[in-house]
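Observations on chain architecture
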Amino acid sequence: MRDLLGLAERKKSRLILALDFVSGDPAVFADRLLAALEPLVVGVKVGLPLALRMGFRGVCELVERYGSGYYFLADFKLADIPDVVREELALLSEAGFDGSIVHLFPMGLEEALSGVRGHDVFGLVAMSHAGSRLLDEHFEDLLRYASRLGIRGVVAPATKPGLVARARAFLPEDYLILSPGVGAQGAEPGSALRHGATFEIVGRSITASEDYYGAAERVVESQRRVIGE
Ligand code: O7M
């Protein structure tokens, strides 16, 4: 399993690239981006849209080809009964992913997650879009639950910096906070880090840019100003 913080330290970056939308052939598109962005991007978050376009075998090939330079995060937002979640995590780990995103609201996941070895789990505690009322109303509950589970960290929205700060203040120190919503959804690069996030997840403002290297570079430069690199 790749060392997320070690890679971040080496690259002096806190950027996780969200790969959801592609233009043209998905394998060619992903290949071009990952071949170019390795110096800047620490982790690659593979979303369901990409997996549906490439097929799971295609995704596994991507993980195998670029696994030496990136931490690979499976974002299929798992939210099933514990036995199924356990099996999903085992299969994603077997496929070469270093970590997975799970929804915490099904609760009762203690046993399913306690057996997971060599694969990080991150739980959602709120979401970045304006309409995520139901989830956000249970933010404190979900935080408490996440902190009891002994997982690697949580996902908390950069678009709601107050929640990122509260997550940081509440969670155990070794919990990581991954923050999406930077760029296309309006949050400024570096802003979630300033509120206590460990990584920022950025998708379309890089992947949809003609100058994707320049776009990623601008994100990382902003981050470096916050983390003092
Ligand atoms: O930068 P974007 O808006 O193109 O992409 C954001 C990515 O973050 C995209 O992959 C979303 O699925 C993800 N995301 C959110 O945008 N909001 C959330 O609240 C949670 C996530 C996420 O990553 O959950 C794991």
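The coordinates are above.
One structure accompanies this document, and this report is about it. All residue numbers here refer to positions counted from 1 along the written sequence of the relevant chain. Since the coordinates come from a predicted model, pLDDT governs what is reported: local features require at least 70, and pairs of side-chain atoms require 80 or more to be given and counted, while whole-chain, interface and lining totals use all residues. Computation of side-chain values: all heavy atoms of the structure, hydrogens and water removed.

Let us now look at the site of the ligand. As a structural note, the neighbourhood of the ligand is formed by 18 residues, with Asp20, Lys45, Ser128, Gln185 and Arg204 the closest of them. The definition of a polar contact used here is a pair of N or O atoms within 3.5 Å, where within protein one atom must be able to donate a hydrogen and the other to accept one, and adjacent residues in sequence count solely through side-chain atom pairs. Here Asp20 contributes a side-chain N or O atom positioned 2.5 Å from an oxygen atom of the ligand. A distance of 2.7 Å is found between an oxygen atom of the ligand and a side-chain nitrogen or oxygen belonging to Lys45. The accessible surface values rely on the Shrake-Rupley method and a 1.4 Å probe; as for residues, cover is taken only from the protein chains in view. Compared with its free state, where it exposes 520 Å², the ligand has 91% of that area covered by protein. Secondary structure elements are taken from DSSP: a helix is a run of H or I of four residues or more, a strand is a run of E of two residues or more, and numbering for both begins at the N terminus. If you list the elements that add at least two residues to the shell around the ligand, you get β3 (71-78) and β8 (199-202). Each residue belonging to the shell around the ligand can be placed in one class, and the counts come to ten nonpolar, three polar and five charged. Summary of the distance rule: residues count as near a molecule or strand when at least one heavy atom falls within 4 Å of that molecule or strand. For this classification, Asp, Glu, Lys and Arg are treated as charged, while Ala, Val, Leu, Ile, Met, Phe, Trp, Tyr, Cys and Pro are nonpolar and the rest, including Gly, are polar.

What follows covers the pairing of β8. The alternating pattern of β8 places Phe199 and Ile201 and Glu200 and Val202 on opposite faces, both of which are buried. Pairing between two strands is assigned when DSSP locates at least 2 bridges connecting them. Of the strand pairs in this sheet, strand β1 (residues 15-19) and β8 are connected by three bridges, and their pairing is parallel. Paired with Leu17 across the two strands is Val202, which belongs to β8. Summarising the sheet, strand β7 (residues 176-180) and β8 pair through three bridges and their orientation is parallel. Each residue gets one of three labels from its accessible area relative to the maximum for its type: buried under 20%, exposed over 50%, partly exposed in between, using a 1.4 Å probe on protein chains only.

Spatially, β1-β2-β3-β4-β5-β6-β7-β8 is the arrangement adopted by the eight strands of the closed barrel, whose pairing is parallel. When the angles between neighbouring strand axes are averaged without regard to direction, this sheet yields 25 degrees. Of the strand pairs in this sheet, strand β2 (residues 43-47) and β3 are connected by five bridges, and their pairing is parallel. Counted as the bridge partner of Gly47 is Asp75 from β3. Of the strands in this sheet, β3, β5 (120-124), β7 and β8 are in contact with helix α1 (residues 4-11), which crosses β8 at around 85 degrees. The contact criterion used throughout is that any non-hydrogen atoms of two residues lie within 4.5 Å. For helices, the axis comes from a line fit to the C-alpha atoms of the stretch in contact; other axes are also lines fit to C-alpha atoms, and the angle between any two N-to-C directions lies between 0 and 180 degrees. Contacts from helix α4 (residues 56-66) reach β1, β2 and β3 within the one sheet, and its direction differs from that of β3 by about 150 degrees.

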